[in-house]
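# A closer look at the structure
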Amino acid sequence: MREISCQEIEKNVRDMCIQATHFLSEDMAAAMNHAVETEKSPLGKQVLKQLEDNLKIAGEEMIPICQDTGMAIVFVETGQEIHVTGGYLEDAINEGVRQGYTEGFLRKSVVEDPIYRKNTNDNTPAIIHYSIIPGDKLKITLAPKGFGSENMSRVCMLKPADGIEGVKKAILETVDAAGPNACPPLVVGVGIGGDFEKCAIMAKHALTRAAGTHSEIPYVKALEIEMLDKINQLGIGPGGLGGTVTAMAIHIETYPTHIAGLPVAINICCHVNRHISCEL
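Residues numbered from 1 in each chain as written. Predicted model: local features only at pLDDT ≥ 70, side-chain atom pairs only at ≥ 80, totals over all residues. Heavy atoms only, no water.

This next bit is on helix α8 (residues 218–232). Each full turn of the α-helix corresponds to 3.6 residues, which orients residues three or four apart in the same direction. If you check α8, its first and last C-alpha atoms are 22 Å apart, about what 15 residues at 1.5 Å a residue would give, namely 21 Å. Each element contacted by the buried residues of α8 is listed here: α6 (163–178), β7 (186–194) and β8 (247–257). (Helix = DSSP H or I, 4+ residues; strand = E, 2+ residues; numbered from the N terminus. Expected span 1.5 Å × (residues − 1). Contact = heavy atoms within 4.5 Å.)

Okay, structure coming up:
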C-alpha cells in the first residue's frame with residue numbers, strides 16, 4: 001500500500017489551476033497554429049492570429065488566457081493500492097482549487113446555490129469524477145471549463161432506430177445552434193452510449209484528450225474525421241465571423257448501453273480548451 005499525503009495533492013492541484021488558466025497545453029497550441037495555417041477566410045485568419053497574440057501575452061505577463069477562468073472539473077484515477085493520508089481526498093482537491101484560484105488571483109465563478117447564487121469566493125467546490133484503477137498511482141486531470149461554451153452543450157436521448165445518422169444529426173445541430181456563442185474555433189467532445197449521465201461525463205472527458213488524436217475504434221475514428229469536416233462546412237468560422245475552421249477537433253467516446261436507448265451528449269468547448277494532468 002502506497003501513501004500519498006493530502007498536502008501533496010493540494011499543492012499539485014493548486015499549481016495546475018494556475019498553470020492551466022495561464023498557458024494553453026502543447027496539443028491545443030499546435031491545433032491553434034494548424035487552424036491559422038488552414039483557415040481560408042482572410043477575416044477568419046485575422047481572428048485566429050489575434051487569438052494567438054492573446055495566448056502569447058497571457059503567457060508573458062502571467063494573466064489568464066480568458067476572463068472566464070472556468071469551473072474546476074477534475075478527473076481522478078486512483079490506484080486501488082493508494083492510501084491517502086492526512087485527511088480526505090475530496091477535501092484536499094477542493095483545498096488545492098481554493099488555493100489556486102485565490103493565490104493565483106483568478107476569477108471566482110462558482111455560486112453555492114443554483115437559485116440564490118451567492119458566490120463561494122474561492123471557486124469551490126470542484127466537480128470531481130473518480131475512477132478506481134489497478135496499481136499504486138494517482139492521476140489527476142484538471143479541466144477548468146468556461147460556461148459560454150458549456151451553455152451550448154446538449155444531451156440527446158435518441159432511439160436505437162436513429163442509429164449513427166441520428167448521432168451525426170445531433171452533433172451538427174448542436175454545433176450549428178451554438179454558432180458564435182461558444183467562441184469558436186471549438187473542440188467538441190461527444191459521448192455515445194451508457195445512460196443519461198454516463199454519456200455526458202464521457203463527452204466532458206473526451207475534451208481532455210490531446211487535440212487531433214483519434215479513437216482506437218475504427219468506426220469511431222472515421223466518425224471523428226467525417227464530423228470534423230462537416231462541422232467545418234457549416235461556415236461559422238473563427239469568432240462566428242465566417243470561415244473554414246469552426247472546430248479544431250472532435251473527440252468521441254463510447255460505452256455499452258441498453259437495448260432501448262441511444263444516449264448522446266455533445267459537450268462544446270471554446271478554443272481555450274484547458275486541460276492539464278499530473279501523476280503522483
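Before going further, it helps to examine the pattern of salt bridges. Under the counting rule described, the total for this entry stands at 12 salt bridges. Of the charged contacts, one joins R107 and D68 as a salt bridge, the two residues approaching to 3.5 Å between their closest N and O atoms. Residue R107 is located in the loop between α4 (89–103) and β4 (127–133), and its partner D68 is located in the loop between α3 (42–61) and β2 (71–79); the two are separated by 39 residues in the primary sequence. One salt bridge in this structure joins K145 and E150, with 2.9 Å as the shortest N-O distance. Salt bridges sharing partners connect three or more residues here, namely K11, R14, D15 and E103. (Salt bridge = Lys/Arg side-chain N within 4 Å of Asp/Glu carboxyl O.)

At their nearest, the axes of helix α1 (residues 6–22) and α4 sit 7 Å apart, and the two run at 40° to each other. As the angle between them shows, α1 and α4 are arranged oblique. Two packed elements cross with a definite hand, and for α1 against α4 that hand is right-handed. When α1 is examined against α4, the residues C6, I9, E10, V13, R14, C17, I18 and T21 are found in contact with a partner set consisting of L89, A92, I93, E95, G96, V97, Q99, G100, Y101 and E103. (Axes fitted to C-alpha atoms, helices over the stretch in contact; angles between N-to-C directions. Parallel < 35°, antiparallel > 145°, perpendicular 65-115°, else oblique. Left-handed = near helix turned anticlockwise from the far one by under 90°.)

Side chains of a nonpolar character, in soluble globular proteins, are inclined to be buried together. Ranked by size, the top nonpolar core spans 26 residues in total, and within it I9, V74 and I140 carry the most contacts. Of all elements in the fold, only α1, β2, β3 (82–85), α4, β5 (138–145) and β10 (276–279) reach the threshold of two or more residues within this core. Broken down by element, the residue count for this core peaks at six residues, all from α1. Apart from the residues lying within four places of it in its own chain, the contact partners of V74 are I93, A126, I127, I128, H129, I140, T141 and L142. Core analysis: the second largest hydrophobic core is formed by 24 residues, L158, V190, I236 and I250 among them. (Core = buried A, V, L, I, M, F, W, Y, C linked by side-chain atoms within 4.5 Å. Buried < 20%, exposed > 50% of the residue type's maximum accessible area, 1.4 Å probe, protein only.)

The next subject is the packing of aromatic side chains. Applying the stated rule across the entire model yields zero aromatic pairs. Against the face of Y255 rests K198, its NZ or CZ located 4.5 Å from the ring centre. (Phe/Tyr/Trp six-rings, centres within 6.5 Å; stacked < 30°, edge-to-face > 60°. Lys NZ or Arg CZ within 6 Å of the ring centre and 35° of its normal.)

For the rest of this paragraph, the subject is the pairing of β3. What you see with β3 is a clean split: I82 and V84 sit on the buried side and H83 and T85 on the side with no burial. The sheet contact formed by strand β1 (residues 2–5) and β3 spans four bridges and is parallel. Looking at the pairing, R2 lines up with I82 of β3. (Pairing = 2+ DSSP bridges.)

Let us now look at the sheet that holds strand β9 (residues 262–269). Here we have four strands laid out as an open sheet, ordered β6-β9-β7-β8, and mixed in their pairing. Strands at the two margins of the open sheet, each flanked by one partner only, are β6 (154–158) and β8. The average angle at which neighbouring strand axes cross in this sheet is 15°, direction not considered. By the bridge criterion, five bridges tie β6 to β9 in an arrangement that is antiparallel. By the bridge assignment for β9, L158 is matched with L262. Running at roughly 30° to β9, α6 makes contact with β6, β7, β8 and β9 of the sheet.

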